[in-house]
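Each chain is listed here by its residues.
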Amino acid sequence: MKTILIIVGLTALALIGFGIVHSITANNVTVVTPSSSVSVTGLTLTIAGEINRPGTYVLNEGATMIDLINAAGGATSNADNLAFNTDCVLSNKGSYYIAPVRDLNNTCSASPITKCNINSADVDTLMAVAGFSKSVSNAIINYRLSASFSCLEDIKLVSGIGSATYMSVRDKITLRDAA
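Definitions and cut-offs
Residues numbered from 1 in each chain as written. Predicted model: local features only at pLDDT ≥ 70, side-chain atom pairs only at ≥ 80, totals over all residues. Heavy atoms only, no water. Helix = DSSP H or I, 4+ residues; strand = E, 2+ residues; numbered from the N terminus. Buried < 20%, exposed > 50% of the residue type's maximum accessible area, 1.4 Å probe, protein only. Contact = heavy atoms within 4.5 Å. Areas by Shrake-Rupley, 256 points an atom, 1.4 Å probe, with all protein chains shown as cover. Salt bridge = Lys/Arg side-chain N within 4 Å of Asp/Glu carboxyl O. Polar contact = N/O pair within 3.5 Å; in protein donor to acceptor, adjacent residues only side chain to side chain. pLDDT = per-residue confidence, 0-100. Disulfide = S-S within 2.5 Å.

### Concerning the overall build of the chain
Next, step 1: Check the secondary structure of the chain and you find 5 helices and 9 strands.
Next, step 2: For the chain, the sequential pattern of α-helices and β-strands runs α-β-β-β-β-α-β-β-β-β-α-α-α-β.
Next, step 3: Taken over 179 residues, the chain has a buried fraction of 35%.
Next, step 4: Residue pairs at least 24 apart in sequence account for 49% of intrachain contacts in the chain once pairs closer than 6 positions are excluded.
Next, step 5: Only carbon and sulfur atoms are counted for the fraction: they give 57% of the accessible area of the chain, which is about 10,200 Å².

### Some points on the pattern of salt bridges
Next, step 1: Tallied over the entire structure, the rule returns 1 salt bridge.
Next, step 2: The shortest N-O distance in the salt bridge between Lys 115 and Asp 80 comes to 2.9 Å. Of this pair, Lys 115 sits in the loop between strand E7 (111-112) and strand E8 (116-117) while Asp 80 sits in the loop between helix H2 (65-71) and strand E5 (95-98), and the two are 35 residues apart along the sequence.
Next, step 3: Relative accessible area serves as the criterion here: at 23%, Lys 115 is assigned to the partly exposed category.

### Some points on the side chain of Ser 137
Next, step 1: Among the structural elements, Ser 137 can be located in helix H4 (residues 134-144).
Next, step 2: Exposure remark for Ser 137: the relative accessible area of 0% places this residue in the buried category.
Next, step 3: Engagement of the side chain of Ser 137 in a polar contact is seen with the backbone nitrogen of Met 127, the distance being 3.4 Å.

### Some details on the confidence of the model for the chain
Next, step 1: Averaged over the chain, the pLDDT score is 84; the fraction of residues at 70 or greater is 75%.
Next, step 2: For the stretch residues 17-30, pLDDT sits under 50, and the model shows 26 contacts to residues farther than four places along the chain or on other chains.
Next, step 3: Throughout residues 33-38 the model reports pLDDT below 50, and contacts reaching past four residues in sequence, or to other chains, amount to 9 contacts.

### What to know about the state of the cysteines
Next, step 1: For the coordinates displayed, the defined rule picks out 0 disulfides.
Next, step 2: Free cysteine Cys 88: the closest other cysteine sulfur is in Cys 151, separated by 4.3 Å.

Below is the structure:
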């Protein structure tokens, strides 16, 4: 019994030690884990969605979306390339999302998601997106008069769109039309 307790104790200690020192540095990228006590400099960025290794990364100042995607092991084959700009310069402590092309939650089929380009759609097209009312659709168009949307998260800069609305529409919007 004493031997088992010692083995369990040493295993727990090893796991804790591994968690503390666990950070991967490659190409000026550091993966930050919750148990990490590493002092970091640069941009701390989180990426989720259709990405091979979702998580939090530390990149150099001036990092772009493609830098973050590469740090996270690349986008999956279901990533919607129209829903992100690879040259978008990222903001410190930003959270970014790579939207899917197809809805894989339905086990019977993987149907394409109907999407709307927030940089060019008219009021009626925007209103077809569940979550966008007429006033929000007008606010999106008014916002576009002074700035374009460079990443999906920019939609939260529009008056009337908070985190809940963003979460409900992020799979249904794009930044550009198919070529």
